[in-house]
Amino acid sequence: MAKILLLGSGELGKEFVIAAQRIGQTIIAVDNYENAPAMQVAHGFDVINMLDGSELDRIIAKHQPDFIVPEIEAIRTERFYDYEKQGITVVPSAKAANFTMNRKAIRDLAAKELGLKTANYRYATSASELQKAVEEVGIPCVVKPLMSSSGKGQSTIKSQEDIEKAWNYAVEGSRGDVVEVIVEAFVNFNSEITLLTVTQNNNPTLFCAPIGHRQERGDYQESWQPARISDKDLFEAQDMAEKVTEALGGAGLFGVEFFLADDGVYFSELSPRPHDTGMVTLAGTQNFNEFELHLRAILSLPIFEITLEKNGASAVILASENSTNPTFSGLEKIAALPKTDFRIFGKPTSRPYRRMGVSLVNYTLETPIEEIVEKAKSAAKLITIKY
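Residues numbered from 1 in each chain as written. Predicted model: local features only at pLDDT ≥ 70, side-chain atom pairs only at ≥ 80, totals over all residues. Heavy atoms only, no water.

Q: Explain the overall build of the chain to me, and be specific about the residues and the numbers.
A: The secondary structure content of the chain amounts to eleven helices and 20 strands. The C-alpha atoms of the chain give a radius of gyration of 20 Å, which matches the 21 Å a tight globule of 387 residues would have. With the principal axes as the frame, the chain shows a C-alpha extent of 55 × 50 × 45 Å. Sorting the 387 residues of the chain into buried and exposed places 57% on the buried side. Considering only residue pairs separated by 6 or more positions, the chain has 63% of its internal contacts joining residues 24 or more positions apart. Counting every atom, the chain has about 16000 Å² of accessible surface; 48% of that belongs to carbon and sulfur. (Helix = DSSP H or I, 4+ residues; strand = E, 2+ residues; numbered from the N terminus. Rg over C-alpha atoms; globule rule 2.2 N^0.38 Å. Buried < 20%, exposed > 50% of the residue type's maximum accessible area, 1.4 Å probe, protein only. Contact = heavy atoms within 4.5 Å. Areas by Shrake-Rupley, 256 points an atom, 1.4 Å probe, with all protein chains shown as cover.)

Q: Please give an account of the sheet that holds strand β9 (residues 181-185) that cites residues and values.
A: As summarised here, the arrangement of the four strands in space is β6-β9-β7-β8, forming an open sheet in which the pairing is antiparallel. With partners counted over all chains shown, the strands left at the sheet margins are β6 (121-124) and β8 (155-157), one partner each. Strand-to-strand, the axes of this sheet are offset by a mean angle of 30°, without reference to chain direction. With four bridges joining them, β6 and β9 adopt antiparallel strand pairing. (Pairing = 2+ DSSP bridges. Axes fitted to C-alpha atoms, helices over the stretch in contact; angles between N-to-C directions.)

Q: If you had to explain the packing of aromatic side chains to someone new, which residues and values would you point to?
A: Taken as a whole and judged by the stated rule, the model has five aromatic pairs. On the numbers, 6.2 Å between centres and 45° between planes, the contact of Phe80 with Tyr83 is tilted. With Phe80 and Tyr83 both in helix α3 (residues 80-85), this residue pair falls three residues apart, about one helical turn. Of the two residues, Phe80 and Tyr83, both sit in the buried class. Clustering of aromatic rings is evident, with ring pairs tying together Phe186, Phe189 and Phe259. Seen from the ring of Tyr353, Arg217 lies directly overhead, with NZ or CZ sitting 3.7 Å from the centre. (Phe/Tyr/Trp six-rings, centres within 6.5 Å; stacked < 30°, edge-to-face > 60°. Lys NZ or Arg CZ within 6 Å of the ring centre and 35° of its normal.)

Q: So what's going on with the environment of Gly250? Which residues, and what values?
A: Within the secondary structure, Gly250 sits in the loop between α8 (231-248) and β14 (252-261). Residue Gly250 is classed as partly exposed on the basis of its relative accessible area of 36%. Spatially, the C-alpha atoms of Gly250 and Thr199 are 7.1 Å apart, while their sequence positions differ by 51 residues.

Q: Which residues make up helix α9 (residues 290-298), and what are the values?
A: The buried fraction of α9 amounts to seven of the nine residues, a majority that puts the element mostly inside the structure. Restricting attention to buried positions, one finds in α9 the residues Glu290, Phe291, Leu293, His294, Leu295, Ala297 and Ile298. Buried residues along α9 sit in contact with β1 (3-7), α1 (11-22), β4 (67-70), β10 (189-199) and β14. The N-terminus of α9 is capped by Asn289, whose side-chain oxygen sits 2.9 Å from the backbone nitrogen of Phe291. Where α9 ends, the next residue or the one after it, Ser300, has phi of about 60°, a positive value. (Polar contact = N/O pair within 3.5 Å; in protein donor to acceptor, adjacent residues only side chain to side chain.)

Q: Please provide a residue-by-residue account of empty space enclosed by the protein, values included.
A: In total, this model carries two cavities of 30 Å³ or more according to the counting rule given. Size it by volume and the largest cavity reaches roughly 60 Å³. Listing elements by their share of the lining of the largest cavity, those giving two or more residues are α1 and β4. Ranked by the residues each element gives to the lining of the largest cavity, the list is headed by α1, at three residues. Looking at the lining of the largest cavity residue by residue, the class counts come to six nonpolar, two polar and two charged. The residues that make up the lining of the largest cavity include at least three from each of domain 1 (3-90) and domain 3 (189-386). Roughly 40 Å³ of internal volume is contained in the second largest cavity. (1 Å grid on protein atoms, 1.4 Å probe; cavity = no way out; pocket = protein on both sides within 12 Å on 5 of 7 lines; lining within 4 Å. Points joined across faces, edges and corners; volume = space filled by probe spheres on them. Nonpolar A, V, L, I, M, F, W, Y, C, P; charged D, E, K, R; others polar. Domains from an automatic or database assignment.)

Q: Give me the pattern of salt bridges: which residues, what numbers.
A: A side chain of one charge can pair with a side chain of the opposite charge when the charged atoms of the two come close. A complete count under the given rule lists 27 salt bridges for this structure. Put simply, Arg79 and Asp57 hold a salt bridge, and the shortest N to O gap is 3.0 Å. With Arg79 in the loop between β4 and α3 and Asp57 in helix α2 (residues 53-63), this residue pair connects regions lying 22 residues apart in the sequence. On the accessibility criterion, Arg79 (26% relative accessible area) is partly exposed. The class of Asp57 is partly exposed, set by a relative accessible area of 29%. (Salt bridge = Lys/Arg side-chain N within 4 Å of Asp/Glu carboxyl O.)

Q: Before we move on, can you summarise the sheet that holds strand β2 (residues 26-31) with the specific residues and values?
A: Strand order in the open sheet formed by five strands is β3-β2-β1-β4-β5, with parallel pairing between adjacent strands. Only two strands of the sheet have a single neighbouring strand rather than two, namely β3 (44-47) and β5 (89-90). Running over the sheet, α1 touches β1, β2 and β4 and is turned about 170° from β1.

Q: Help me get a handle on the packing of α1 against α9, residues and values and all.
A: Taken N-terminus to C-terminus, the directions of α1 and α9 make an angle of 60°; their axes are 9 Å apart at the nearest point. The orientation of α1 with respect to α9, classified from their angle, is oblique. At the point where α1 passes α9, the crossing takes the right-handed sense. In contact with Leu12, Glu15, Phe16, Ala19, Ala20 and Arg22 of α1, α9 contributes Glu290, Phe291, Glu292, His294, Leu295 and Ile298. The residue inventory of the contact of α1 with α9, partitioned by class, reads seven nonpolar, one polar and four charged. (Parallel < 35°, antiparallel > 145°, perpendicular 65-115°, else oblique. Left-handed = near helix turned anticlockwise from the far one by under 90°.)

Q: Account for the pairing of strand β16 (residues 311-318), with residues named and values stated.
A: The element β16 is largely enclosed, with a buried count of seven among its eight residues. Here strand β13 (residues 219-225) pairs with β16 via four bridges, running antiparallel. When the sheet's bridge partners are listed, Glu222 is paired in β16 with Ala315. As judged from the eight bridges shared by β16 and strand β19 (residues 355-363), these two strands associate in the antiparallel manner. Within β19, the position partnered with Asn311 by the bridge is Tyr363.

See below:
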């Protein structure tokens, strides 16, 4: 059985560990704080600063894993190339992890090398450079740190007065040691989708049914599967996803995000791992959830097909205050609902807008998706967090 080193131990990592435990793999969970969600279910854990290359080297030497599975962005990813040379499999590949931990590398690969349609964009390393970039891409536009997660540091510039504020917010929300932002022209899109794309070592690339989602503060609030999309747009999105994942190499599940606009499909972002919007697959919408798919692809276990079994939705349960000991009530209320499930992630601390859990609802393939989303939102409101 394989030994897997998980770098980042949040709620996505926790579900991945559970999937791995079910088929007898050994997991060591790593993060920069104790008692992170994935550590609670792993065989062992370590607490380190993953941006410290020497600490990363020490942990790799200590555990000698077969696989390194990154779950977050803030990792000294350039070390991954050395680990691959040592014979360790980096998931999906050192190139994929390195390129996608930084929005600059993945955007340039998609737009410049592969010729995928993206929003017009520029980069900036200071407030004055941001001013110039905004002039070039136009207002409104979106500003994001090159390294961040869950929408941290992301904002929309609607007037000249927003520029300095957007720069400060982006720097504050940036992860790692890269102080640089990407400025994107605003795409007048009708909806956003995540296309979970599974690359396999010896079998064809597979796609999950597209997932729709709604965001606030750059972070998803509800997701649903399947999303409404025309056959033409779906084919275009699948073609783009296959091109970019093939260029990055390796096996695993990628969360590829797209904007759907009147003039077609725009590539937005890519994560080389299970995606937060993909938590809807925990509602039993597919024959395998996204974490099981990631694991099977990593281990070269052939995935014959991915089938949509039910329509489903997820809605986040957010904290509203800081606490070092959050507790939850209302579990019996959500548990009493039909076709409904939930996850409480077990995060040891809370802060405003931190994702602490998720509600999960599924119904038949004939049930209107809007109804299911409303049921998931109502279910999430039944959980009360005490601080």
